[in-house]
Amino acid sequence: MTDDVVLRLDRATAEDLYEVLCLLGEHIAAGAPIPEPPAEAEERLSRVFKFLGDSLGKGRVV
């Protein structure tokens, strides 16, 4: 048994995650603003964040 955490994402959620990670990288690299995502994207990413936290035993949702 491994200690891997595996995420399986639908295309829309994968694209949302990719976009937010790119924006975060640009923010760190150059101070670019991070715009608020559309409500649908925010909802999808919230589910991913909760799943990831639960999988890591962190269970805390901010």
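As a reminder, the structure under discussion sits directly above these lines.
Residues numbered from 1 in each chain as written. Predicted model: local features only at pLDDT ≥ 70, side-chain atom pairs only at ≥ 80, totals over all residues. Heavy atoms only, no water.

1. Digging into a nonpolar patch on the surface
Turning to step 1, where the next piece is worked out: Together, V5, L7, L9, F51, L52 and L56 make up a nonpolar patch on the protein surface, roughly 450 Å² of accessible area in all.
Turning to step 2, where the next piece is worked out: Relative to the assigned elements, L7 resides in the segment before helix 1 (11-30).
Turning to step 3, where the next piece is worked out: Given the relative accessible area of 34%, L7 is considered partly exposed. (Patch = residues over 30% accessible without salt bridge, like charges linked within 9 Å, V, L, I, M, F, W, Y side chains within 5 Å. Areas by Shrake-Rupley, 256 points an atom, 1.4 Å probe, with all protein chains shown as cover. Salt bridge = Lys/Arg side-chain N within 4 Å of Asp/Glu carboxyl O. Helix = DSSP H or I, 4+ residues; strand = E, 2+ residues; numbered from the N terminus. Buried < 20%, exposed > 50% of the residue type's maximum accessible area, 1.4 Å probe, protein only.)

2. With respect to the environment of T2
Turning to step 1, where the next piece is worked out: Within the fold, T2 resides in the segment before helix 1.
Turning to step 2, where the next piece is worked out: Judged by relative accessible area, which is 57%, T2 ranks as exposed.
Turning to step 3, where the next piece is worked out: Residues T2 and E40, 38 residues apart in the sequence, show an inter-C-alpha distance of 33 Å.
Turning to step 4, where the next piece is worked out: A distance of 3.4 Å separates the side chain of T2 from the backbone nitrogen of D4, its partner in a polar contact. (Polar contact = N/O pair within 3.5 Å; in protein donor to acceptor, adjacent residues only side chain to side chain.)

3. Comments concerning helix 1
Turning to step 1, where the next piece is worked out: Under the 1.5 Å per step criterion, the end-to-end length of helix 1 is 28 Å for 20 residues, consistent within 8% with the ideal 28 Å.
Turning to step 2, where the next piece is worked out: In the segment just after helix 1, G31 is the residue with positive phi, at about 75°. (Expected span 1.5 Å × (residues − 1).)

4. What to know about the packing of helix 1 against helix 2 (residues 39-55)
Geometrically, a packed helix pair is captured by the angle between its two axes and the distance between the axes.
Turning to step 1, where the next piece is worked out: Where helix 1 contacts helix 2, the axes come no closer than 9 Å and their chain directions differ by 90°. Considered as vectors, helix 1 and helix 2 are oriented roughly perpendicular to each other. Seen from helix 1, the contacting residues are A12, T13, D16, L17 and V20; seen from helix 2, they are A41, R44, L45 and V48.
Turning to step 2, where the next piece is worked out: Considering only residue class, the contact of helix 1 with helix 2 consists of six nonpolar, one polar and two charged. (Axes fitted to C-alpha atoms, helices over the stretch in contact; angles between N-to-C directions. Parallel < 35°, antiparallel > 145°, perpendicular 65-115°, else oblique. Contact = heavy atoms within 4.5 Å. Nonpolar A, V, L, I, M, F, W, Y, C, P; charged D, E, K, R; others polar.)

5. Concerning the pattern of salt bridges
Turning to step 1, where the next piece is worked out: For the coordinates displayed, the defined rule picks out four salt bridges.
Turning to step 2, where the next piece is worked out: Between E15 and R11 there is a salt bridge, with its nearest N and O atoms 2.8 Å apart. Separated by four residues within a single helix, E15 and R11 lie in helix 1, roughly one turn from each other.
Turning to step 3, where the next piece is worked out: Across the pair D16 and R44 runs a salt bridge, and its minimum N-O distance is 2.6 Å. Residue D16 is found in helix 1, and its partner R44 is found in helix 2; the two are separated by 28 residues along the sequence.
Turning to step 4, where the next piece is worked out: For D16, a relative accessible area of 15% puts it in the buried group.
Turning to step 5, where the next piece is worked out: What makes R44 partly exposed here is its relative accessible area of 21%.

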